[in-house]
Amino acid sequence: KWSKLDFTSIRETSPTLNYIPDLFRSHGLKVQVVEEDVVPGIVLPDTWNDFLRLLRKKDRHELRRKIRRLEASTDYQLRSANPKTLDNDVETMFDLMRSAHIEKNDFLTKSRIAFFKTVIAEMSQLDRLRLQFLEIGGLPVATVLGFDYGRVRWLYNSGYRARLDSLSTGLVLKAFFINEAMDLGLKYFDFLRGSETYKYHLGCKDSRLYQILVFRG
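To keep things clear, this report deals only with the structure shown in the data block. (Residues numbered from 1 in each chain as written. Predicted model: local features only at pLDDT ≥ 70, side-chain atom pairs only at ≥ 80, totals over all residues. Heavy atoms only, no water.)

**A word on the pattern of salt bridges**
Thinking step 1. Scanning the entire structure with this criterion turns up 18 salt bridges.
Thinking step 2. Across the pair Glu35 and Arg208 runs a salt bridge, and its minimum N-O distance is 2.9 Å. In this pair, Glu35 is assigned in strand E2 (residues 30–43) and Arg208 in strand E8 (residues 205–215), connecting sequence segments 173 residues apart. (Salt bridge = Lys/Arg side-chain N within 4 Å of Asp/Glu carboxyl O. Helix = DSSP H or I, 4+ residues; strand = E, 2+ residues; numbered from the N terminus.)

Take a look at the structure:
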């Protein structure tokens with residue numbers, strides 16, 4: 001027995017968006033389709049220069065300037081987690097997430113931390129995990145957590161050390177993450193839901209998510 005069905009986070013390209021409303025309306029039930037959120041992403045070109053040309057002039061200039069400043073002012077390196085370092089790297093990732101956004105302290109409950117660890121461990125075993133760090137002088141200052149699947153890189157979460165925000169380490173690391181995805185021949189970079197401003201500075205275009213509500217009685 002039910003009175004309402006709630007289908008959430010249906011992509012605008014999903015056949016579900018047409019099939020489900022038509023199906024239930026054909027049975028005389030009331031259906032509402034509501035725009036829920038946006039999912040910014042980038043159709044990846046083949047090269048870094050091609051990617052830069054996708055950006056607005058101001059965003060292209062700013063990204064180049066931020067990368068040059070990082071390269072000129074710091075001894076930095078990029079590092080990827082591997083099975084031997086994964087446990088410690090996950091804890092470092094949590095620390096950087098908390099540092100970047102104070103609300104992440106409340107978000108990272110025990111149950112969510114356990115969920116993250118389970119997902120990360122399983123995706124690592126499948127060789128789908130992409131957990132990377134930007135380090136300065138051996139100190140991790142930014143992190144990105146993503147997964148590669150179906151020629152798509154999915155950016156799941158990120159963090160950075162707030163006191164080094166003047167170097168824009170979080171944004172620069174995401175740009176490097178995009179560049180690596182292109183080098184691997186991936187075709188799309190999905191930032192997942194949310195309209196945070198930085199995504200559009202990196203050339204994102206929106207697709208939309210919908211909620212389908214079906215009422216009976």
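**Here we look at the sheet that holds E8**
Backbone-to-backbone hydrogen bonds pair the strands of a sheet. The strands run either parallel or antiparallel.
Thinking step 1. The eight strands lie next to each other as E1-E8-E2-E7-E6-E5-E4-E3, forming an open sheet whose pairing is mixed. Every interior strand has two partners, whereas the edge strands, strand E1 (4–11) and strand E3 (76–80), have only one. Shown here is a sheet whose adjacent strand axes are inclined to one another by a mean of 30 degrees, direction ignored.
Thinking step 2. Of the strand pairs in this sheet, E1 and E8 are connected by six bridges, and their pairing is antiparallel. From the neighbouring strand, Phe7 faces E8, where its bridge partner is Ile212.
Thinking step 3. Here helix H4 (residues 86–100) sits on the sheet in contact with E3, strand E4 (129–136), strand E5 (139–149) and strand E6 (152–160), set at roughly 65 degrees to E4. (Pairing = 2+ DSSP bridges. Axes fitted to C-alpha atoms, helices over the stretch in contact; angles between N-to-C directions. Contact = heavy atoms within 4.5 Å.)

By themselves these figures say nothing about function.
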